[in-house]
Every structure is written in C-alpha cells, then in structure tokens.
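Structure assessment
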Amino acid sequence: MAKCATREAYGKALAQLIQENERVVVLDADLAGSTKTSEAKKVCPQRHFDVGIAEGNMMGIAAGLAASKYIVFASSFAMFAAGRAFEQIRNSIGYPHLNVKICATHAGLSVGEDGASHQCNEDLALMRVIPGMTVIQPCDEEETKQAIRAVANIDGPCYVRLGRGKVESVYDVSYTFEIGKGNVLRKGKKVALVASGMMVQEALKAAAMLEEAPTVVNISTIKPLDTALIKELAKTHDTIITCEEHSVIGGLGSAVSDVVASSADACVVKHIGVQDTFGESGDAQALFEKYGINAKAIVKAVQDR
Amino acid sequence: MDKQELVEHARQIRKHILKQVYTAQSGHPGGSLSATDLVTALYFQEMDITEANVNSIDRDRFVLSKGHASPLLYAVLCEKGLLDERELLTFRKINSRLQGHPNMKYVAGVDMSTGSLGQGISAAVGMALGNKLAQNHHRVYALLGDGECQEGEVWEAAMAAAQYQLDNLCVIVDHNRLQIDGEVAKVMNVDSLEEKFRAFHFHVLTVDGHAMDEILSALSKARENKGRPTAIIANTVKGKGVSFMENQAGWHGTAPNKEQYEQAIKELGGEA
C-alpha cells in the first residue's frame, strides 16, 4: 500500500488551497522544506512568508494577518510551534479567537534520530487546554488532505498535528472527514482501541493479531472530542485502550478518561503512549518498540487487561 | 485640527484615564499618561478612524503593544465619541467590556488584543504585511513601552518589518525610562533605542513625546518615508500631567486614593 507522511499530504493540500483561495497566506520559520509548506511556496511564492527562526514572532504575524481577514497557515516543528510559541498562540491567537491554522509537523517520537529536544510529546496537552482551540491529528494522507480543507473552512484557531514518517493509508477517497467526529474502523467485542495519528495503523495491526477482535476507532479530532462516541464505547465495552504517540499525560488518553469518568456507563480506560519520560535518538521503529507505542504493545495491553 | 485643540483633547483624555483607574482602584496610570500626547495625535490627526469605519479594517489601525496602558486607549476612544463615557466607570470590573488589558473582540476600535509584552508589535507587522498584500494604503501604528523593548520578540518583529520593507508600519516607543521595578537603565538598559532600530534598518526619529508639533511632524515624516518602517523614539515623562505621579515608577500600576484623585483632576483643570 502507498505510504505517505502526513506532512507530505499537508504540503500537497496546502499547494491546492493557496491557489484556490486568495485569502490563504502561509508562514514558516525556516523549515519550509521539512514542514512541506515549500509546496505552497512553489505555486504561490507571493503568499508564502519565511519569517526566519523566530516562532513566537511568526505566531504574532499570523495573528495580525488573521486580524486582516486572511486565513493563515503557520508551520514549524511541533516542539517550536506548540512549545516555544505557546504563549503567543495562547494570547495573540487563542484569546482573540483569530483564524490561524497552526500546522505542526515532526510531532512525537517519530522524529527519531534528532532526539528528545525535537520529539514533542506534549503538544496535544498544550493546545487542548487553550479555550476555543480545535485540535486535530489526522492519521494518513487522505484524512490529512480533507482535514486541511476542513480547517480552512471554519473560523477560529486550529492546531493540526502532523508526522515526519511515512505511514500506510487507512482511507481512500470514499472517506469523509468531519471535524469532531470519530470514525469506527472495525467493530469488535469487549475492548475498544481508541487511537489517533500513526497509532491508528498500529491499532489496526494489533486488532488483526488478536484472536478476539477488538473495536478500532480513529479519533482524529482531539478537541472537540466525539464524546457521544466515547460514551457509547464505554457502555458497550469492558475496556477502552487509548493509543497515541504523545505523553500519556494530557493528550488523547486524558481526554477520553475525562469523558468516561463522568459517564454513567464507565468502563476501564488504559493508556498507551509515551510514559512520563523524554525520548532519545534512534530509528523511529526502534523507539516505538522501546517506548511501547506499537501494535505489539497494544496486543500486550489487551491480553494483560 | 489646530495644535490647541489637540492639547485640549489630551487634557480631557488624561482626566478619563484617572477616572477609570480611580474608579476601578486598579490599573496603570503612569504609562497611560506618558503616552497620552502621542496617542492623541494619532487618533485626532494622523489616523483616519471614524465612527463610520470603526468596525471595519478598511482604515488605519493602532496596536497598543504596551497593553497595560488600556485606560489610555479607552479614554481616547471615549474622547473620540466611539465609547460612552459612562462605560469608563466599568473598567476592570466584572462583566465589563473594558478588560484590564484590551480585548479586540469586545470593543470596536481596539484593533488587537494585547497585554503580554512584545506580542503587539508582531501582530502589527502581520497587519502591515496584510495591507501590503491587499495593496491598500492603510497604515499601522504600534505603541511600545521602553521596558517592553527588553522582550526579544520586539527585535524578531523589527527584523521582519525591515525584511518586508513595511513602510506602512510606524513603531512608537514611549521612552519614559521607568518600568515596574525601577529605572529601565538599571533594570536592563535598552539604550540607545535609536541605534538599535537603526541597526535593524528602520527609519528612526526622536521626538519630545509631549511636544505636539514634534509628534505631528514625526508622524508626517513617517508617512512620507518609503521602503522601510519608521521607529519614533518619544522621550516622555511617566505620569505626565499629574505632578506627584511624574517620574515615579511607583505610579506604574497604582490607583490614586480619593484625595490624590481630586488633586490630580484639579491639576488637569477639572472637577472630580
């Protein structure tokens, strides 16, 4: 099956969007080749601005452009977008609810060899907590393309979390992405694997390896969360296992737990993700193995429950 | 508008500032009073903001990067007839539109939500860039504090403003030489601001920030200047217009009591 990194899909989608809509402006902070906003620059250099290595200022410029009725896409690595520029996002974009789409790439452990300084496992937690921020993590090429289009069509700040590594396709063109809606990929019994991003593929692999097939759900919108679906899963399964390439603190796992804990039909919730620790340099697959975020770890969690 | 009328507006604006801070028993009078003449010149002479276009972006815009001077912004909007005077009494109180630091979504005429220092100038750069993209003639003004220039983001924004040749951007620094913890020069010296902005490829002007002629002349020169942004370094007096507040860091974020308020209003030629 064709493999494509979600950042590559972002670049392609953005290149289309910038040609179709003259209100679209793209900002990058000296990482255009890596975030793939360079694709948009190729086709529309006059509306692509590389602001240099200054992420806080980039978010402020994004706010000013959005206050001037532009639809602004601002990209950097997740570490520097959500991390370094957190307060600019919070105060200059979030508080005035400006129309900026922060599309952050190289999120999570899959950054690999660059090591812990660049492996952002905290961005979902940081972005979720900002009032009015929509937080989306698409899992593959098709979903990314549709998600980019969808965020351009809503008014207000959005954070889109994208990955560096190539991932297999989960969806084809028959899929319809909708902000705030989870997608049940397969129905099973007892256990529901609730996954996001590249962990969707791992959850599907895990499901195929298990004798008693679990339910597999893709939650691409972390906020606003599909609470109705989570409640239904809690009611109809004995265990929910959340799967994410992010800290187990503050991301998908926490979001799902919040819903289940206040639900009348609560079930057990377990979290697969990066434990409360920093990563390290290494090949992405080796890191997933060592830090317990792959199909094997999911299978074990299902069997040990 | 002749100079005398501007001076009169500035006097009224200073009274509006004191009324807000006194009523709220909270807020920042010192840096509001130091920048009053600068902002009066902008709103009553330089900028094309009117009641008819206040809700639109099809006009010049002003970013109060030193957002703690919010009483000044609300006072100017009130003096301009864009905000009801009675509303000034709600400043900093619950359910008010007049937040401690300005929110652009609440009040027409507040062009950017600010308060966290260093961020407003970046937004102003974004607005000026937007105006260039839209090929309109509107100008963007950003008012910064001198202490604010200790924030690294100010210089990131300055670099970008020069890079994109934003001659439609005018940065004004309210150089009153005092910040919360004391003298700017002692806390963390920012001088020479002129040399710094010049090194960042700005067109730089220095004015007495209380001399209306000088302010108007600088704003006019900034408008005529092409190819690069302008920085106006305005030498000002913190607490200007109220004798006991002048040059006192202690009045950065302190409200006057009844006696002090009455004295201040009296000095400004009014009745409390």
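Keep in mind that this is a model prediction, so the values were computed, not measured.

Residue and element names in this part refer to chain B. Ordered in space as 1-2-3-7-6, the five strands form an open sheet in which the pairing is parallel. Because the sheet does not close on itself, it has two edges, and the strands there are strand 1 (61-64) and strand 6 (203-208). Across the sheet, the mean angle from the axis of one strand to that of its neighbour is 20°, orientation sign disregarded. Across six bridges, the pairing between strand 2 (residues 140-145) and strand 3 (residues 169-175) is parallel. Bridge assignment links Val 140 to a residue of strand 3, and that residue is Leu 169.

With that settled, the discussion passes to the UniProt feature "domain: Transketolase-like pyrimidine-binding" (unreviewed entry) in chain A. In the numbering used here, UniProt assigns the "domain: Transketolase-like pyrimidine-binding" (unreviewed entry) feature to residues 4-170 of chain A. With 43% helix and 20% strand, residues 4-170 of chain A has end C-alpha atoms that lie 11 Å from one another.

Helical periodicity: at 3.6 residues per turn, an α-helix aligns residues three or four positions apart in one direction. In terms of residue burial, helix 11 (residues 252-261) of chain A counts as a mostly covered element, since eight of its 10 residues are buried. For helix 11 of chain A, the secondary structure elements touched by its buried residues are helix 7 (123-128), strand 10 (191-195), strand 12 (221-223), helix 10 (227-236), strand 13 (239-247) and strand 14 (268-274) of chain A.

All names here are of chain A. Taking strand neighbours across the sheet as the criterion, the seven strands line up as 3-2-4-5-7-6-12 in an open arrangement whose pairing is mixed. Bordering the open sheet on either side are strand 3 (48-50) and strand 12, each of which pairs with just one other strand. Going across the sheet, the axis of each strand differs from the next one's by a mean of 20°, ignoring polarity. When strand 6 (residues 134-136) meets strand 7 (residues 158-161), the two strands line up parallel, connected through three bridges. Note on strand 7: the bridge partner recorded for Ile 136 is Val 160.

Take the interface of chain A and chain B next. At the junction of the two partners, chain A supplies 26 residues and chain B supplies 24 residues. For the pair chain A and chain B, the summed buried area comes to about 2,000 Å², and 59% of that belongs to carbon and sulfur atoms. Along the contact surface separating chain A from chain B lie zero salt bridges. Counting across the interface, chain A meets chain B through 14 residue pairs in polar contact (both at pLDDT 80 or more). For the side of chain A that touches chain B, the element with the highest residue contribution is helix 4 (residues 55-66) of chain A, accounting for seven residues. The residue inventory of the side of chain A that touches chain B, partitioned by class, reads 12 nonpolar, 10 polar and four charged.

Turning next to the UniProt feature "domain: Transketolase N-terminal" (unreviewed entry) in chain B. Sequence positions flagged by UniProt for "domain: Transketolase N-terminal" (unreviewed entry) are, in local numbering, residues 10-269 of chain B. The annotated region residues 10-269 of chain B carries 40% helix and 13% strand content, and the separation between its end C-alpha atoms amounts to 12 Å.

All names here are of chain B. Neither face of strand 1 is left uncovered, since the one carrying Arg 61 and Val 63 and the one carrying Phe 62 and Leu 64 both have all their residues buried. Relative to strand 2, strand 1 runs parallel, the two being bridged by four bridges. Among the inter-strand pairings, Arg 61 is bridged to a residue of strand 2, identified as Val 140.

In this section: the packing of aromatic side chains. Scanning the model with the defined rule gives 10 aromatic pairs over all chains in all. Geometrically, the ring pair formed by Tyr 43 of chain B and Phe 62 of chain B is edge-to-face, given 5.6 Å between the ring centres and 80° between the ring planes. Of this pair, Tyr 43 of chain B sits in helix 3 (residues 36-46) while Phe 62 of chain B is found in strand 1, placing the two residues 19 residues apart along the sequence. Aromatic pair Phe 197 of chain B and Phe 202 of chain B: ring centres 5.1 Å apart, planes at 65°, arrangement edge-to-face. The class for Phe 202 of chain B is buried, based on a relative accessible area of 1%. Through successive ring pairs, a cluster of aromatic residues spans Trp 155, Phe 197, Phe 200 and Phe 202 of chain B. It is Arg 23 of chain A that lies over the ring of Tyr 70 of chain A; its NZ or CZ is 4.4 Å from the centre. One Lys or Arg, Lys 80 of chain B, reaches over the ring of Phe 44 of chain B and ends 5.0 Å from the middle of that ring.

Cut-offs applied
Residue indices begin from 1 for each chain and proceed along its sequence in written order. The naming scheme follows written order: chains are lettered A onward, ligands numbered 1 onward. Note on the predicted model: pLDDT of at least 70 is required for a residue's local features to be given, and 80 or more for side-chain atom pairs to be given and counted; whole-chain, interface and lining totals, by contrast, use all residues. Think of the side-chain values as coming from all heavy atoms in the structure, minus any hydrogens and water. Here a strand pair is declared whenever DSSP counts at least two bridges between the two strands. Secondary structure elements follow DSSP: runs of H or I no shorter than four residues count as helices, runs of E no shorter than two count as strands, and numbering proceeds from the N terminus. Each axis is a line fitted through C-alpha atoms, taken for helices only over the stretch in contact, and angles between the N-to-C directions span 0 to 180 degrees. UniProt positions are given in the numbering used here, feature names are shortened, and annotations may be inferred rather than shown by experiment. Residue exposure (1.4 Å probe, protein chains only): buried if accessible area is under 20% of the type maximum, exposed if over 50%, otherwise partly exposed. Any two residues having at least one pair of non-hydrogen atoms within 4.5 Å are treated as being in contact. Summed over both partners, buried area is the accessible surface (1.4 Å probe) that two parts give up on being assembled. By definition here, a salt bridge exists when the distance from a side-chain nitrogen of Lys or Arg to a carboxyl oxygen of Asp or Glu is within 4 Å. Any pair of nitrogen or oxygen atoms within 3.5 Å is treated as a polar contact; in protein, a donor-acceptor pairing is required on top of that, and neighbouring residues in sequence qualify only through side-chain atoms on both sides. Think of it as three bins: nonpolar holds Ala, Val, Leu, Ile, Met, Phe, Trp, Tyr, Cys and Pro, charged holds Asp, Glu, Lys and Arg, and polar takes everything else, Gly as well. Centre distance within 6.5 Å is the pairing criterion for rings of Phe, Tyr and Trp, where only the six-membered ring of Trp is used; planes under 30 degrees apart are then read as stacked, over 60 as edge-to-face, and the remainder as tilted. Remark: a charge is flagged as sitting over a ring if the NZ atom of Lys or the CZ atom of Arg is within 6 Å of the ring centre and within 35 degrees of the ring normal.

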